[in-house]
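If you want the building blocks of each chain, they are given just below.
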Amino acid sequence: MKNKTPGYRRKEIIWSLIFIAPPILGFLIFSLTPLITSFGLSFMSWDMFTPAKFTGTENFRYMLEDEKFYKSLYNTIFLLLGVPLGMIISLVLAILMNRSLKGISIFRTIYYIPVISPIIAVSLLWQWLLNYDYGIINEFIWNILGIQGPNWLGDPNWVKPSFIIMGLWGGVGGTMVLYLAGLQGIPSSYYEAAQVDGASRWHQFKHITLPLLSPIHFYVVVMGVIGTFQSFSQMYILAADGGPEYSGATIVYYIFQEAFKYFNMGYASAVAWVLGILIFILTLFQFRLSKRWVYQE
Amino acid sequence: MVKQRRLINLIVYIVLIAGSFIMLAPLAWTLSTSLKNQKHVFDIPPQWIPDPATWLNYKDVWAKAPLLYGFMNSAIVVVTVLSVGLFVAAMAAYSFSKFDFPFKEGIFLALLGTMMIPYSVVMIPQYIGFSELGWVDTLLPLIVPGMFGNIVTIFFFRQFMQGSIPNDLIDAAKIDGCGYFRTFTTVALPIVKPAIAAQAALGFMGIWNDFLGPLIYLHTPERQTIQVLIASMQSNYISTSNYPSLMAASIIALLPVVIVFFFAQRYFIESLAITGIKG
């Protein structure tokens, strides 16, 4: 009962606050203040060299007329296709790797290596693999199918599929590990019971595996959508100035160009806010929706 | 039954090996090209084993670009951010999991909420702020924010601490006259070592591979991190079509990551799985 004396309580509170002070300060300095500043900036016109000018909703009105904004938004949404594709491939891989086979952990490592590779190394490499004339992928297509492969990074229709392929290569290993952990958490008694009831493999998968993995599906979808909406590096390295017909630019790339190439700080802030709100709405929507399909214990 | 199992295992092996080829071939190609002469690069059919093999490309990029600076800059950022950032995060997590204070849950949730803020929203004001301070083209904008503790790390440590540090142990330390700070460093920290190792491994990757931040802040080649330096190689140091040199540079950037991964592999997969499932 000594713990409840007022002196002790006060001391504990003071120490708790000292312990949590750094992240709180970090939050105030590096999140909250910038957030407010950015909101203010989005109603201004400012190039960092001449004084800022209040322009009201001008930035947002301009955005609605800016073709580049729509293009980068469309491109970003297109790239979301990679999320379900990645989930399917990762889940299949995880199921294959969930068998007790010799040397299975070596495979796990191999599939995980692209995940940890620096995006620069990966991008430079794919830039070449995907080259129209002397890339090894088109070389491969020519040898197998006898046709000339697409101009991956040079054709507006193929830039985004190229990014999706790169993303899958670099990402399935990470998702696979999550699924593997999930699969190992499903009690084998569930499957045994289903077998006694005469459920087929497919039925077991559909009624046991898939629903019990739903918290992981949910996590992967939410993180995948947020990640896609924030993708930048590959586009910066592989699609100079947005790629052919701006088909390789994402929203973050567009913000980056406006802010650090043209120094339209106000306008870039406005676009960033629109992006932030979009991500927020999408995430909220997914959380709402999740109540219908995510299995809760 | 046994026969059928064997057959399935065989098929699984074949699929996984084919997949491994897809995963590794691009990297093998990078390595192979980095050891080739420029004139053998476009050989048809492609040569997987370079003949003759040469280290000249590595020497060449090392001499042309200030890669040593790049390494050092990246290392400075990683070491300072991880050593201070992880300690601070562990401290906060300890407070959130073992102390009782007003608005604890609320403050924690508010911090968690900041995970939702996309970097691009705070990036512009942060840039303006750091440029007012005269910190552009220094490593400080990459180091200082990281020293305040990352919320994902705090979350991870908190989950870990709630389960693994017995309250009795803390009380015993108290009775022995240990202060709050000493209890944290002598009782809590040693217990959460595995969690710290896991977060250090993940943090290393995140910081070492970071691109957008360094790209915005660092302009002078000697002050750039290895990633930005390599990204700028194509335009500044070697011609776009000098693939052997570009690939050599890629391997150079990849090497530390592969080494760290090799030694800390277990922690990666574990922490990834834990964050994923409980997050």
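In case you missed it, the structure is sitting above this.
Residues numbered from 1 in each chain as written. Chains lettered and ligands numbered in written order. Predicted model: local features only at pLDDT ≥ 70, side-chain atom pairs only at ≥ 80, totals over all residues. Heavy atoms only, no water.

Undergrad: Please give an account of the overall build of chain B that cites residues and values.
TA: Along its length, chain B carries 14 helices and zero strands. Sequence-ordered secondary structure for chain B, helices as α and strands as β, is α-α-α-α-α-α-α-α-α-α-α-α-α-α. Compactness check: chain B gives a C-alpha radius of gyration of 24 Å against a globular reference of 19 Å for 279 residues, more than 25% above the reference. With respect to the principal axes defined by its C-alpha atoms, chain B has extents near 75 × 70 × 35 Å. Across the 279 residues in chain B, those meeting the buried criterion constitute 52%. For chain B, the computed accessible surface area is about 13000 Å², with 68% contributed by carbon and sulfur atoms. Averaged over its 16 positive side-chain charges, chain B has a centre that lies 11 Å from the centre of its 13 negative ones. (Helix = DSSP H or I, 4+ residues; strand = E, 2+ residues; numbered from the N terminus. Rg over C-alpha atoms; globule rule 2.2 N^0.38 Å. Buried < 20%, exposed > 50% of the residue type's maximum accessible area, 1.4 Å probe, protein only. Areas by Shrake-Rupley, 256 points an atom, 1.4 Å probe, with all protein chains shown as cover. Lys, Arg positive; Asp, Glu negative; His and termini not counted. Charge placed at Lys NZ, Arg CZ, Asp CG, Glu CD.)

Undergrad: Pulling in residues and values, what's your account of the interface of chain B and chain A?
TA: Chain B puts 86 residues into the contact, and the matching count from chain A is 86 residues. Here chain B meets chain A over a buried area of about 7900 Å², counting both sides, of which 79% is carbon and sulfur. On the surface where chain B and chain A come into contact, there are one salt bridge. With its nearest N and O atoms 3.4 Å apart, the salt bridge here joins Asp100 of chain B to Arg9 of chain A. Where chain B packs against chain A, one counts 13 residue pairs in polar contact (both at pLDDT 80 or more). Those elements giving two or more residues to the side of chain B that touches chain A turn out to be helix 1 (2-34), helix 3 (67-98), helix 4 (104-113), helix 5 (119-132), helix 9 (180-191), helix 11 (212-217), helix 12 (226-231) and helix 14 (243-278) of chain B. It is helix 1 of chain B that contributes the most residues to the side of chain B that touches chain A, 18 residues altogether. Taken together, the residues that form the side of chain B that touches chain A break down as 65 nonpolar, 18 polar and three charged. (Contact = heavy atoms within 4.5 Å. Buried area = accessible area lost by both parts, 1.4 Å probe. Salt bridge = Lys/Arg side-chain N within 4 Å of Asp/Glu carboxyl O. Polar contact = N/O pair within 3.5 Å; in protein donor to acceptor, adjacent residues only side chain to side chain. Nonpolar A, V, L, I, M, F, W, Y, C, P; charged D, E, K, R; others polar.)

Undergrad: Quick rundown of the nonpolar core? Include the residues and the values.
TA: Here is a general trend for soluble globular proteins: nonpolar side chains tend to be buried in one another's company. Counting residues in each nonpolar core, the largest one holds 170 residues, and the members touching the most others are Tyr111 and Ile255 of chain A together with Leu16, Leu67, Tyr94, Ile230 and Met233 of chain B. Top contributing element to this core by residue count: helix 3 of chain B, with 14 residues. Among all residues touching Tyr111 of chain A, those that are not within four sequence positions of it are Leu93, Met97, Gly173 and Met176 of chain A together with Val15, Leu16, Gly19, Ser20 and Met23 of chain B. (Core = buried A, V, L, I, M, F, W, Y, C linked by side-chain atoms within 4.5 Å.)

Undergrad: A description of the pattern of salt bridges should follow, citing residues and the corresponding values.
TA: Residues and elements named next belong to chain A. Taken as a whole, this structure holds five salt bridges over all chains when the rule is applied. Measuring nitrogen to oxygen at the nearest pair gives 3.0 Å for the salt bridge that ties Asp241 to Lys261. With Asp241 in the loop between helix 12 (233-238) and helix 13 (251-260) and Lys261 in the loop between helix 13 and helix 14 (265-293), the pair connects residues that are 20 residues apart, well separated along the chain.

Undergrad: Account for the packing of aromatic side chains, naming residues and giving values.
TA: Here the structure, examined in full by the defined rule, presents 53 aromatic pairs over all chains. Ring geometry for Phe71 of chain B against Trp208 of chain B: centres 5.9 Å apart, planes inclined by 45°, an arrangement best described as tilted. One end of the pair, Phe71 of chain B, is in helix 3; the other, Trp208 of chain B, is in helix 10 (residues 193-208), and 137 residues separate them in sequence. Here Trp208 of chain B falls in the buried class, since its relative accessible area comes to 5%. In textbook terms, an aromatic cluster arises when at least three aromatic residues are bridged by ring pairs, as seen for Phe30, Phe232, Tyr236, Tyr253, Phe256 and Phe260 of chain A together with Tyr127, Phe130, Trp135, Phe148, Phe211 and Tyr217 of chain B. Cation over ring: Lys160 of chain A sits above Phe78 of chain A, and NZ or CZ is 5.6 Å from the ring centre. (Phe/Tyr/Trp six-rings, centres within 6.5 Å; stacked < 30°, edge-to-face > 60°. Lys NZ or Arg CZ within 6 Å of the ring centre and 35° of its normal.)

Undergrad: Describe the environment of Ser72 of chain A, with residues and values.
TA: All names here are of chain A. Residue position: Ser72 is located in helix 3 (residues 67-79). With 182 residues separating them in the primary sequence, Ser72 and Tyr254 have C-alpha atoms 6.7 Å apart. Excluding anything up to four places from it in sequence, Ser72 contacts Tyr246, Ala249, Thr250, Ile251 and Tyr254. Polar side-chain contacts of Ser72 include one of 3.0 Å to the backbone oxygen of Phe69.

Undergrad: So what's going on with the layout of surface pockets? Which residues, and what values?
TA: In this model, the second largest pocket occupies a volume close to 950 Å³. What lines the second largest pocket is a set of 21 residues, among which Ile95, Arg99, Tyr191, Arg201 and Gln204 of chain A lie closest to the centre. Put simply, the parts of the chain that give the lining of the second largest pocket at least two residues each are helix 4 (82-97), helix 9 (188-196) and helix 10 (201-212) of chain A together with helix 1 of chain B. Per-element accounting of the lining of the second largest pocket gives the leading share, five residues, to helix 10 of chain A. Per-class residue counts for the lining of the second largest pocket are nine nonpolar, eight polar and four charged. (1 Å grid on protein atoms, 1.4 Å probe; cavity = no way out; pocket = protein on both sides within 12 Å on 5 of 7 lines; lining within 4 Å. Points joined across faces, edges and corners; volume = space filled by probe spheres on them.)

Undergrad: I'd like a rundown of the side chain of Thr76 of chain A, residues and numbers included.
TA: All names here are of chain A. Relative to the elements of secondary structure, Thr76 occurs in helix 3. Polar contacts involving the side chain of Thr76 include one to the main-chain amide nitrogen of Ile251, which spans 3.2 Å. Those residues in contact with Thr76 that sit more than four places away from it in its chain are Thr228, Phe229, Thr250 and Ile251.

Undergrad: Go over helix 4 of chain B, please, and point to the residues and values.
TA: Here helix 4 of chain B has its buried residues at Lys104, Phe108 and Leu111 of chain B. Taken around the axis of helix 4 of chain B, the buried residues stretch over an arc of 60°, which confines them to a single face. (Arc of directions from axis to C-beta.)

Undergrad: How would you summarise the side chain of Asn59 of chain A if you had to cite specific residues and measurements?
TA: Residue and element names in this part refer to chain A. Along the polypeptide, Asn59 turns up in helix 2 (residues 58-65). With a relative accessible area of 8%, Asn59 lands in the buried category. Here the side chain of Asn59 touches Ser42 through a polar contact of 2.8 Å, landing on its backbone oxygen. Excluding its chain neighbours within four sequence positions, the residues that come into contact with Asn59 are Leu41, Ser42, Phe43, Met44, Gly266, Tyr267 and Ala270.

Undergrad: Got a sec to walk through the packing of helix 9 of chain A against helix 10 of chain A? Specific residues and values, please.
TA: All names here are of chain A. Relative to each other, helix 9 and helix 10 sit at 160°, their axes nearing to 10 Å. Taken together, the axes of helix 9 and helix 10 are roughly antiparallel relative to one another. In the crossing of helix 9 with helix 10, the sense of the turn from one axis to the other is right-handed. Along its contact with helix 9, which presents Tyr190, Tyr191, Ala194 and Gln195, the element helix 10 presents Gln204, Ile208, Thr209 and Leu212. In terms of residue class, the contact of helix 9 with helix 10 is built from five nonpolar, three polar and no charged. (Axes fitted to C-alpha atoms, helices over the stretch in contact; angles between N-to-C directions. Parallel < 35°, antiparallel > 145°, perpendicular 65-115°, else oblique. Left-handed = near helix turned anticlockwise from the far one by under 90°.)

Undergrad: Which residues make up unusual backbone geometry, and what values go with them?
TA: The residue Asp241 of chain A is not glycine, and still its phi comes out positive at about 55°. At Phe103 of chain B, a position not held by glycine, the phi torsion is positive, near 60°. Take Phe103 of chain B: it is sitting in the loop between helix 3 and helix 4. For Phe103 of chain B, a relative accessible area of 69% gives the class exposed.

Undergrad: Describe the environment of Pro211 of chain A, listing the residues and the values that go with them.
TA: Residues and elements named next belong to chain A. Its place among the elements puts Pro211 in helix 10. Pro211 sits in the partly exposed class, given a relative accessible area of 28%. Taking the C-alpha atoms as reference points, Pro211 and Ile106, separated by 105 residues in sequence, lie 29 Å from one another. Excluding residues that lie within four positions of it along the chain, Pro211 makes contacts with Phe205, Lys206 and Tyr295.

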